[in-house]
Amino acid sequence: MLIILNNTNDTYGHPESDEFLKRTGETIRHNIRSTYSGYRYGGEEFATILPETDDKDAFTAAERLRRAFESEKFTPNRKIVNMATSIGVAARGSVRSHKKS
């Protein structure tokens, strides 16, 4: 699963972005199974490895993370901001399309 944040560094500056990245890691860690692992993949991108997880359960995990990010509040420069993310899932083997209703 790939999690992409929305330009926090450009929008809020380095100190606020560092706090945002830390909170992102904590949110991922607290909302994935102990058998999963999460990594910072790039600047504002994180990857989560979901071993022995089929595509249905991967989409469920992605939705759980999306809801967790949606409920998080970030307060750069004393403004309340939701933590917006884009989340994608790739699976090895059988893959099917999934769209939220």
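Everything quoted here is computed from the prediction, not taken from an experiment.

Calculation notes
- Residues numbered from 1 in each chain as written.
- Predicted model: local features only at pLDDT ≥ 70, side-chain atom pairs only at ≥ 80, totals over all residues.
- Heavy atoms only, no water.
- Helix = DSSP H or I, 4+ residues; strand = E, 2+ residues; numbered from the N terminus.
- Rg over C-alpha atoms; globule rule 2.2 N^0.38 Å.
- Buried < 20%, exposed > 50% of the residue type's maximum accessible area, 1.4 Å probe, protein only.
- Contact = heavy atoms within 4.5 Å.
- Lys, Arg positive; Asp, Glu negative; His and termini not counted.
- Charge placed at Lys NZ, Arg CZ, Asp CG, Glu CD.
- Polar contact = N/O pair within 3.5 Å; in protein donor to acceptor, adjacent residues only side chain to side chain.
- Salt bridge = Lys/Arg side-chain N within 4 Å of Asp/Glu carboxyl O.

A. Examining the overall build of the chain more closely. For the chain, the helix and strand inventory stands at three helices and six strands. Relative to the globule expectation of 13 Å for 101 residues, the C-alpha radius of gyration of the chain, 14 Å, shows essentially globular dimensions. Each principal axis of the C-alpha distribution contributes one length, and for the chain these read about 45 × 30 × 20 Å. Taking all 101 residues of the chain together, the buried fraction comes to 32%. Sequence-distant contacts in the chain: of pairs separated by 6 or more residues, those separated by 24 or more amount to 64%. For the chain, the centre of its 16 positive side-chain charges and the centre of its 14 negative side-chain charges are spaced 5 Å apart.

B. Quick peek at the side chain of threonine 24. Note that threonine 24 resides in helix H2 (residues 14–30). Taking relative accessible area as the criterion, threonine 24 reaches 0% and is therefore assigned buried. For threonine 24, the side chain forms a polar contact with the main-chain oxygen of phenylalanine 20, separated by 2.8 Å. Not counting residues within four places of it along the chain, the set of residues in contact with threonine 24 comprises Leu5, Phe46, Phe69 and Met83.

C. Representation of the pattern of salt bridges within the structure. All chains considered together, the criterion is met by four salt bridges. Among the salt bridges present, the one from glutamate 72 reaches arginine 23, with a minimum N-O distance of 2.6 Å. Residue glutamate 72 is located in the loop between helix H3 (55–71) and strand E4 (73–74), and its partner arginine 23 is located in helix H2; the two are separated by 49 residues in the primary sequence. We note a salt bridge from glutamate 63 to arginine 66, for which the minimum N-O separation is 2.7 Å. Within this pair, glutamate 63 and its partner arginine 66 are both found in helix H3, separated by three residues, close to a single helical turn. Ionic contacts of the salt-bridge type, sharing partners, join the residues Glu63, Arg66, Arg67 and Glu70 into one network.

The values reported here are purely geometric and, on their own, carry no functional implication.
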